[in-house]
Amino acid sequence: MTFSLLVRDPATGAFGGAAATGSLCVGGWVLRGNLGAGLSASQGAAPSTFWGEDVLTRMAAGAVAEAALAAVTAPDPGRDWRQLACLDPLGRTAAHSGPQNGAARGHVCQTNRVASGNMLTSLDSLDGLLAAYEAATGPMSARLLAALIATQQDGGDQRGLKSAALLVLHPDCPPLSLRVDWSPDPLAALHDLHHRATTGDYAKWTHAVPVETDRHRADPQILDND
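Residues numbered from 1 in each chain as written. Predicted model: local features only at pLDDT ≥ 70, side-chain atom pairs only at ≥ 80, totals over all residues. Heavy atoms only, no water.

A.B. asks: Outline the packing of helix 5 (residues 140–153) against helix 6 (residues 186–198), listing residues and values.
C.D. replies: In contact at an axis separation of 11 Å, helix 5 and helix 6 are set at 165° when each is read in the N-to-C sense. As judged from the angle between their axes, helix 5 and helix 6 are roughly antiparallel. Between helix 5 and helix 6 lies a crossing whose hand is left-handed. From helix 5, Ser-141, Ala-142, Leu-145, Leu-148, Ile-149 and Gln-152 reach across to helix 6, where they touch Leu-187, Leu-190, His-191 and His-194. Split into classes, the residues belonging to the contact of helix 5 with helix 6 amount to six nonpolar, four polar and no charged. (Axes fitted to C-alpha atoms, helices over the stretch in contact; angles between N-to-C directions. Helix = DSSP H or I, 4+ residues; strand = E, 2+ residues; numbered from the N terminus. Parallel < 35°, antiparallel > 145°, perpendicular 65-115°, else oblique. Left-handed = near helix turned anticlockwise from the far one by under 90°. Contact = heavy atoms within 4.5 Å. Nonpolar A, V, L, I, M, F, W, Y, C, P; charged D, E, K, R; others polar.)

Now the structure itself:
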């Protein structure tokens, strides 16, 4: 049904997530994050948005990824139909893949990286997702997008795709949250949206608005010429 990737850059403190699915509205269902808590990807046959939010709350309070995931998933009698991946503020990762989520399903956890998916053509897609991100160049958002494209070209979701999303959080930049909720070619649409959001007047304007390292920013040199 879905494949997703969560990453952290320890050099900058940035976090990024990407997801694609053969259903609608993957960004709203799957990706959650904030700089003080990390990231989560909640997906599966019966995805729980509560899981995605609750695991972030626990990691923001200091729980490591593995403990936060266990606390959220263990009490839920519907956990066999759900999947959750999480990445905490120090780059520790954990994931749960319930057995009712359809083959091929699973996850790969690494420091600063976690890939997960279900209804995949092959579990090799998850290793490919990680490898494609590592091989890509450019900013984190471009590398995440390249990883989604490479993974689907190599098999990805066995049904094809209908939606895709990116989420990048950086201490020195505004959040980049891009969603294609439905398209016959969502990765092409996301690629176009990413280009529009990271170039030209819109990208220039984002350099004037508040960010984590300057919550009161309003750069008049940019805003007066907007």
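Now that the structure is up, let's keep going.
A.B. asks: Explain the packing of aromatic side chains to me, using residue names and the numbers behind them.
C.D. replies: With the rule as written, the count across this model stands at one aromatic pair. With a centroid separation of 5.6 Å and 50° between ring planes, the pair formed by Tyr-202 and Trp-205 is classed as tilted. A residue pair is termed a helical-turn pair when its members lie 3 or 4 positions apart in one helix, as Tyr-202 and Trp-205 do in helix 7 (residues 200–206) at three residues. Given a relative accessible area of 45%, Tyr-202 falls into the partly exposed group. Sitting over the ring of Trp-51, Arg-82 keeps its end group 5.8 Å from the ring centre. (Phe/Tyr/Trp six-rings, centres within 6.5 Å; stacked < 30°, edge-to-face > 60°. Buried < 20%, exposed > 50% of the residue type's maximum accessible area, 1.4 Å probe, protein only. Lys NZ or Arg CZ within 6 Å of the ring centre and 35° of its normal.)

A.B. asks: Can you explain helix 3 (residues 65–73)? Please cite residues and give values.
C.D. replies: Among the residues making up helix 3, those that are buried are Ala-65, Ala-68, Leu-69, Val-72 and Thr-73. Along the axis of helix 3, the buried residues cluster in a sector spanning 115°; they form a single face. Those residues of helix 3 that are buried lie in contact with helix 2 (49–60), strand 5 (83–87) and strand 6 (93–97). (Arc of directions from axis to C-beta.)

These values are about where atoms sit, not about what they do.
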